[in-house]
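Tertiary structure, described
These are the residues of each chain, in order.
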Amino acid sequence: MARKIITLDMIRANTEFRKLIDCANTNLEYMGYTEHGLRHVGYVSKTTANILAELDYNERTVELGAIAGWIHDIGNSINRKHHGLTGATLAYDALSRMHMDVSEIALIIGAIGNHEEENGLPVNPISAALIIADKSDAHRSRVRKKTYNAEDIHDRVNMAIKKNYLVVDKVKRKIRLVIFMDDISSTMDYMQIYLTRIMLCEKAAEFLGCVFELMINGMIINRQKKIAAEPALSASEKEVSEE
Ligand SMILES: [Fe+2]
Ligand SMILES: [Fe+2]
């Protein structure tokens, strides 16, 4: 059977993928995880494609990025643990049955199989863009309203994030994740969950020939260009540490 050009529209219309995404989202809901359904995969699909397009990758690479983003979390239909690896295996089987070109499938499964920080590293441009898109999706819209628990750090951090967006500067080769959070949570809470994910984003940006900056509430917290001047003590403050 001749190989076919598989488009994002075909993947989005595919009921097999749709059911696996729904199942993955339901499984994660039972386990207490934030939203991983059509909203999340839709965001990751579009954002992966946007990163690649902005960095001037060709149209087909951009579309493969969008496809990888749509199906990157289907492994959660099996188990949260190693879901990148199981998801890549599921994707290989399903995409083969759609007669996608195997060299294109290889790029997609490499991206899916490497999107988690436990065992992933950027291995191709689609993989690098997918990592950044996926890890940038922290926002209050991901909190499940029915089960919101302020004691849970993931719920608290996501609920605190009122606004988040990614900026790509292809001239300065910079990818910046901008986050605004309110005082339900804190940068410290965010970093407790996201430290290893942000480190993976730094590697992913480097793979794309860029630097990655994380800005929370107006402060770049992972890359200081210059040391800020020491803040002056206010009238009620006294330095108590000894030399
Ligand atoms: Fe994932
Ligand atoms: Fe994800």
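These figures come from a predicted structure and were not determined experimentally. (Residues numbered from 1 in each chain as written. Chains lettered and ligands numbered in written order. Predicted model: local features only at pLDDT ≥ 70, side-chain atom pairs only at ≥ 80, totals over all residues. Heavy atoms only, no water.)

1. What to know about the nonpolar core
Counting 59 residues, the largest nonpolar core has I11, I71, L95, I108, I132, Y190 and F212 as its most contacted members. The leading source of residues in this core is helix 9 (residues 187-207), at eight residues. With sequence-adjacent residues up to four places away left out, F212 is seen in contact with I132, L166, I175, L177, I198, C201, E202, A205, N222 and R223. (Core = buried A, V, L, I, M, F, W, Y, C linked by side-chain atoms within 4.5 Å. Buried < 20%, exposed > 50% of the residue type's maximum accessible area, 1.4 Å probe, protein only. Helix = DSSP H or I, 4+ residues; strand = E, 2+ residues; numbered from the N terminus. Contact = heavy atoms within 4.5 Å.)

2. Quick look at the environment of I67
Structurally, I67 is set in helix 4 (residues 59-71). Not counting residues up to four positions away in its chain, the partners in contact with I67 are I6, T7, L8, I11, M100 and I108.

3. With respect to the coordination of the iron ion (ligand 2)
For the iron ion (ligand 2), every protein donor is listed as H40 (NE2), H72 (NE2), D73 (OD) and D134 (OD), and the spread of their distances is 2.2 Å. Relative to the metal, the four donor atoms surrounding the iron ion (ligand 2) lie at angles of 83 to 173°, and the coordination shape comes out irregular. Ordering the donors of the iron ion (ligand 2) by residue number gives the pattern H-x31-H-D-x60-D. In this model, the iron ion (ligand 2) sits 3.6 Å from the iron ion (ligand 1), the two metals being bridged by D73. Taken together, the positions of D73 in the loop between helix 4 and helix 5 (83-97) and D134 in helix 7 (residues 125-135) put the pair 61 residues apart, joining distant regions of the chain. Classification of D73 as buried rests on a relative accessible area of 5%. (Donors = N, O, S within 2.8 Å, 3.2 Å for Na, K, Ca; no water. Tetrahedral: all angles 85-135°; square planar, octahedral: opposite > 155°, others 65-115°.)

4. Considering the layout of surface pockets
With a probe scaled to a water molecule rolled over the atoms, the places where space remains empty come into view. One number sums up the size of the largest pocket: a volume of about 490 Å³. Lining the largest pocket we find 25 residues, and of these Y33, H36, R80, E116 and R197 sit closest to its centre. Of all elements in the fold, only helix 7, helix 8 (153-160) and helix 9 reach the threshold of two or more residues within the lining of the largest pocket. Of all the elements, helix 9 adds the most residues to the lining of the largest pocket, at three residues. (1 Å grid on protein atoms, 1.4 Å probe; cavity = no way out; pocket = protein on both sides within 12 Å on 5 of 7 lines; lining within 4 Å. Points joined across faces, edges and corners; volume = space filled by probe spheres on them.)

5. What about the side chain of R156?
Take R156: it is sitting in helix 8. Within the structure, the side chain of R156 is placed 3.0 Å from the side chain of D189, a separation counted as a polar contact. Excluding its chain neighbours within four sequence positions, the residues that come into contact with R156 are Y148, A150, E151, I184, S185 and D189. (Polar contact = N/O pair within 3.5 Å; in protein donor to acceptor, adjacent residues only side chain to side chain.)

6. Quick notes on the side chain of E35
Inspection of the secondary structure puts E35 in the loop between helix 2 (15-30) and helix 3 (38-54). Of the residues examined, E35 reaches a relative accessible area of 13% and is grouped as buried. A distance of 2.8 Å separates the side chain of E35 from the backbone nitrogen of G37, its partner in a polar contact. Those residues in contact with E35 that sit more than four places away from it in its chain are N25, H40, R142 and R144.

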